[in-house]
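Examination of the molecular architecture
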Amino acid sequence: MNDAALDALGNMADLAAAARNATEALAVALMERGVSPTEVAKRAGVSRVTAHAWRNKATHSS
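So, a few notes on the structure that sits alongside this text.

**Description of the packing of helix α1 (residues 2-32) against helix α2 (residues 37-44)**
Contact geometry of α1 with α2 gives a least axis separation of 10 Å together with a crossing angle of 150°. With respect to α2, the element α1 is oriented roughly antiparallel. In the packing of α1 onto α2, the handedness of the crossing is right-handed. Two secondary-structure elements touch here, α1 through Thr-23, Ala-27, Leu-30 and Met-31 and α2 through Pro-37, Val-40 and Ala-44. Residues that form the contact of α1 with α2 fall into these classes: 6 nonpolar, 1 polar and no charged.

**Considering the pattern of salt bridges**
Counted by the stated rule, this structure contains 3 salt bridges. For Glu-39, the salt bridge goes to Arg-43, with nearest N and O atoms at 2.8 Å. On the criterion of helical spacing, the pair formed by Glu-39 and Arg-43 is a turn pair, its members being 4 residues apart in helix α2. According to the relative accessible area criterion, Arg-43 is exposed, its value standing at 69%. Within the structure, one salt-bridge network assembled from shared partners comprises Glu-39, Lys-42 and Arg-43.

**Considerations on the side chain of Glu-24**
Within the secondary structure layout, Glu-24 lies in helix α1. Contacts of Glu-24, omitting those with residues within four sequence positions, involve Trp-54 and Lys-57.

**Details of the environment of Ala-29**
As for its position among the elements, Ala-29 is in helix α1. For Ala-29, a relative accessible area of 23% gives the class partly exposed. When the C-alpha atoms of Ala-29 and Met-1 are compared, they prove to be 42 Å apart, with 28 residues separating the residues in sequence.

Parameters at a glance
- Residues numbered from 1 in each chain as written.
- Predicted model: local features only at pLDDT ≥ 70, side-chain atom pairs only at ≥ 80, totals over all residues.
- Heavy atoms only, no water.
- Axes fitted to C-alpha atoms, helices over the stretch in contact; angles between N-to-C directions.
- Helix = DSSP H or I, 4+ residues; strand = E, 2+ residues; numbered from the N terminus.
- Parallel < 35°, antiparallel > 145°, perpendicular 65-115°, else oblique.
- Left-handed = near helix turned anticlockwise from the far one by under 90°.
- Contact = heavy atoms within 4.5 Å.
- Nonpolar A, V, L, I, M, F, W, Y, C, P; charged D, E, K, R; others polar.
- Salt bridge = Lys/Arg side-chain N within 4 Å of Asp/Glu carboxyl O.
- Buried < 20%, exposed > 50% of the residue type's maximum accessible area, 1.4 Å probe, protein only.

So, in structure tokens, the structure goes:
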């Protein structure tokens, strides 16, 4: 029982990480197309600071 529950927990953590990565990628793509960081933050449920950090990370890593 514990092994199955731990496996499920690990799978859920993997899915959550994938969702965060996809959210960040979509947010950056929207900002590159002119959507404001404020609007992206509001829709993504994150702070404006986070939205700006995503955009800055994408700008500096390309």
